[in-house]
Amino acid sequence: MVSPELLLGGLTAGLVVGSLYGLAALGLSIIWGILRVVNLSHGAVIALSMYVAYLLSVEYGYPLLASVLISIFFGFVLGMVAYYLFVHKVLGGPELASLLSTFGFGLIILGTLQLKFGGIARTLPVTTATIEVGHVPIRMVQVVGAVIAIAVAIAAYLLIYRTWFGRAVRAVVMNQEAAALMGVNVTKVLMLSFALGLLFASTAGTLLALSYSFTPETGSMYELYSFTIVVLGGLGNPLGSLIGGIILGIAEQLTSIVASGSWGPLVAFVLLLVMLVIKPTGLFAKL
Amino acid sequence: MEAARIVSELRKGRYITNIIVAAVIVLLLGLGIGSIYSESLAYYRETLTTFMVLLSVVLGLNIILGYTGYVSFGHAVFFGIGGYTAMVLMYYYGVNIYLAMIAAALVAMATAYLVGLIVLRLRGAYFAIATIAVLEASRVIAENINYLGGSEGLQLPATYYRGYHIAGYSGLMAVHYIAYFLLVATITVGLLLNLYVSRSKFGAGLRAIREDEDAAEAIGVDTWKYKTLAYVLSAIPPALAGAVIAWKRMIVLPGEFFNLELSIKAIISVMLGGSGTVTGTLVGAATYHAVETSFLTSFPSFHLIIFGAAIAAIAEFLPMGVIGWLRLRSAKLRFLLE
């Protein structure tokens, strides 16, 4: 039987790690909701941001904070370039074309990471200070990461619903031709949205790298989690992604406590399948 | 007159496809027989074994992705289910490979039916993602259940192979040859299934679903029945191949049998050849296999990068595949290439 303290610990750990999952999912969700492209390079971008932070802080000896900030911003720049190289030409085409071209982009990243770093697990040099909630240890960096993740998700919500750019984005989602006629530069909106999606992915990746070790393949697990959360939280909805992420995080942590750690990922898949069947539009409203 | 001409061209096309398919099977058989008598052909036997594993998934995938338009991203799950079913029967009950293959196909079909009840409600990217989840979930289940060997997998003892003989070889010596011929049989089954789908009213219904599912429903295609049957049939070739490979390697491992990469390779091959064509499956799988083996030997560390660039380039510049492109370019080829 699970004691109340352990339950509280599991809930807290789930909340903390789940908000990071939510931020990662937000990157996938925004691109899917706005460009109608399922970005299969999502996991690779998450992994890439981890290694950018690693390269700068460990191999080049930059201060950790600077490395983290650069690796976060790197996602945005990469997104702007990748949009023109891999996404622009397949927009509006068959779904399979965009799935394949973004997957190809992901393989290029993955191949580069494997070439440079191999399969050995790496970590960032971070303080290991922990707090303990109900016998479940939670690292301080995770708490900081969770706070940042929640702040970014709220900022994304404000960006989409409270700014001129957000209005242009919503106009493009509703009707591209009409938006273009009203003077919205559709290509630019789509390009920036893609870059924004990669920015959220790289932010989540960098923050996750602070608390967990990683290999080039690590990203693929977060990619599957992101799919689950997007389906759970609804497309393009920042707060939906955040809440979906927290639900998944808690479900995963509680499963690890009740059963064993290796069953954790199965929760995500089962949750995903159940959600797809009962409510594929997600728990929360669309963008 | 025009209609009569088209019918005669279509007939000619079917005739040519029959010859191509028969020639491929005869060539594969010939090489297998040759390799028994000449050790210098052993390399080709092994590389063709790898090729046929890919082709088996491609032939299954072509039915659901090519003809029906459902992007199954996790199609290798049926390879895994086939492999694990066969291994459980061989390991715990000493069943021979031939019966194990049949059981593998039946279990995979039943699984496809049950999984289809869930995933075939979904369309487009949602279906694609659900199939990835099914694949990954199967892997996690295989890793965590002791009966299936957990992450260590199940391994057959060498003594299991005592009863197998072929052309003077026996036991473990015979396995490579027998496995090769069983894969040729698998490919034959897969090609026949694709020919059937390509030429039947059933296949016409699947194409209607691919073009517009709601319209297909409206004109009286029982879309649910059609796509379920397509999904069930598409599980057969990969399941048979999975059983053969489990037997040949003597071991099943979760990561190797529930392998997303194999699924992706199959999608690329289908795309490369031209989805929804019979000859396209052969062209796509052969091209992919040739490119992969040559890159792997000449640029082992760069292959993922080159791979990725190639996939993106195909998606952006050749979305119909080689056969699709040829058919689009020439009215004559449109009818001749099936």
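Given the structure is predicted, the values throughout are model-derived calculations rather than measurements.

1. Some details on the pattern of salt bridges
Scanning the model with the defined rule gives twelve salt bridges over all chains in all. In this structure, Lys116 of chain A and Glu59 of chain A form a salt bridge, with 3.6 Å as the shortest nitrogen-oxygen distance. Remark: Glu59 of chain A occurs in helix α2 (residues 42-59) and Lys116 of chain A occurs in helix α4 (residues 95-117); sequence separation between them is 57 residues. With a shortest N-O distance of 3.4 Å, Arg123 of chain B and Glu213 of chain B are connected by a salt bridge. With Arg123 of chain B in the loop between α4 (97-119) and α5 (124-144) and Glu213 of chain B in helix α8 (residues 213-218), this residue pair connects regions lying 90 residues apart in the sequence.

2. So, the interface of chain A and chain B
The partner chain B presents 38 residues to the 36 residues of chain A that form the contact. Summed over the shared surface of chain A and chain B, the result is zero salt bridges. If you look at where chain A meets chain B, you find zero residue pairs in polar contact (both at pLDDT 80 or more). Those elements that place two or more of their residues in the side of chain A that touches chain B are α3 (64-87), α4, α9 (218-233) and α11 (264-278) of chain A. Top element by residues in the side of chain A that touches chain B is α4 of chain A. It accounts for 15 residues. Split by residue class, the side of chain A that touches chain B holds 28 nonpolar, six polar and two charged.

3. A closer look at the packing of α3 of chain A against α4 of chain A
Residue and element names in this part refer to chain A. Two elements in contact, α3 and α4, have axes separated by 10 Å at closest approach and are oriented at 130°. Classified by the angle between their axes, α3 and α4 sit oblique to one another. With respect to the hand of their crossing, α3 and α4 are arranged in right-handed fashion. From α3, Leu78, Ala82, Phe86 and Val87 reach across to α4, where they touch Ser101, Thr102, Phe105, Ile108 and Ile109.

4. Focus on unusual backbone geometry
One non-glycine residue, Arg36 of chain A, lies in positive phi territory at about 60°. Counting through the fold element by element, Arg36 of chain A comes out in the loop between α1 (4-35) and α2. Look at Arg36 of chain A and you get partly exposed, because its relative accessible area is 48%. Even without being glycine, Ala167 of chain B reaches a positive phi, approximately 40°. Topologically, Ala167 of chain B is positioned in the loop between β2 (165-166) and β3 (169-170).

5. A short note on the confidence of the model for chain B
On average, residues of chain B score 90 in pLDDT, and 99% of them are at 70 or above. If you check the scores for this complex, the pTM reads 0.84 and the ipTM reads 0.82.

6. Digging into the nonpolar core
Membership of the largest hydrophobic core comes to 215 residues, with the highest contact counts inside it found for Trp32, Leu35 and Phe227 of chain A together with Phe73, Tyr231 and Trp247 of chain B. Top element by residues in this core is helix α8 (residues 186-211) of chain A. It accounts for 16 residues. Beyond its immediate sequence surroundings of up to four residues, Phe227 of chain A is in contact with Leu28, Trp32, Val38, Leu40 and Leu272 of chain A together with Ile129 and Ile132 of chain B. Formed by six residues, the second largest nonpolar core is a distinct cluster that contains Ala13, Val133, Ile138 and Ala146 of chain A.

Definitions and cut-offs
Residues numbered from 1 in each chain as written. Chains lettered and ligands numbered in written order. Predicted model: local features only at pLDDT ≥ 70, side-chain atom pairs only at ≥ 80, totals over all residues. Heavy atoms only, no water. Salt bridge = Lys/Arg side-chain N within 4 Å of Asp/Glu carboxyl O. Helix = DSSP H or I, 4+ residues; strand = E, 2+ residues; numbered from the N terminus. Contact = heavy atoms within 4.5 Å. Polar contact = N/O pair within 3.5 Å; in protein donor to acceptor, adjacent residues only side chain to side chain. Nonpolar A, V, L, I, M, F, W, Y, C, P; charged D, E, K, R; others polar. Axes fitted to C-alpha atoms, helices over the stretch in contact; angles between N-to-C directions. Parallel < 35°, antiparallel > 145°, perpendicular 65-115°, else oblique. Left-handed = near helix turned anticlockwise from the far one by under 90°. Buried < 20%, exposed > 50% of the residue type's maximum accessible area, 1.4 Å probe, protein only. pLDDT = per-residue confidence, 0-100. Core = buried A, V, L, I, M, F, W, Y, C linked by side-chain atoms within 4.5 Å.

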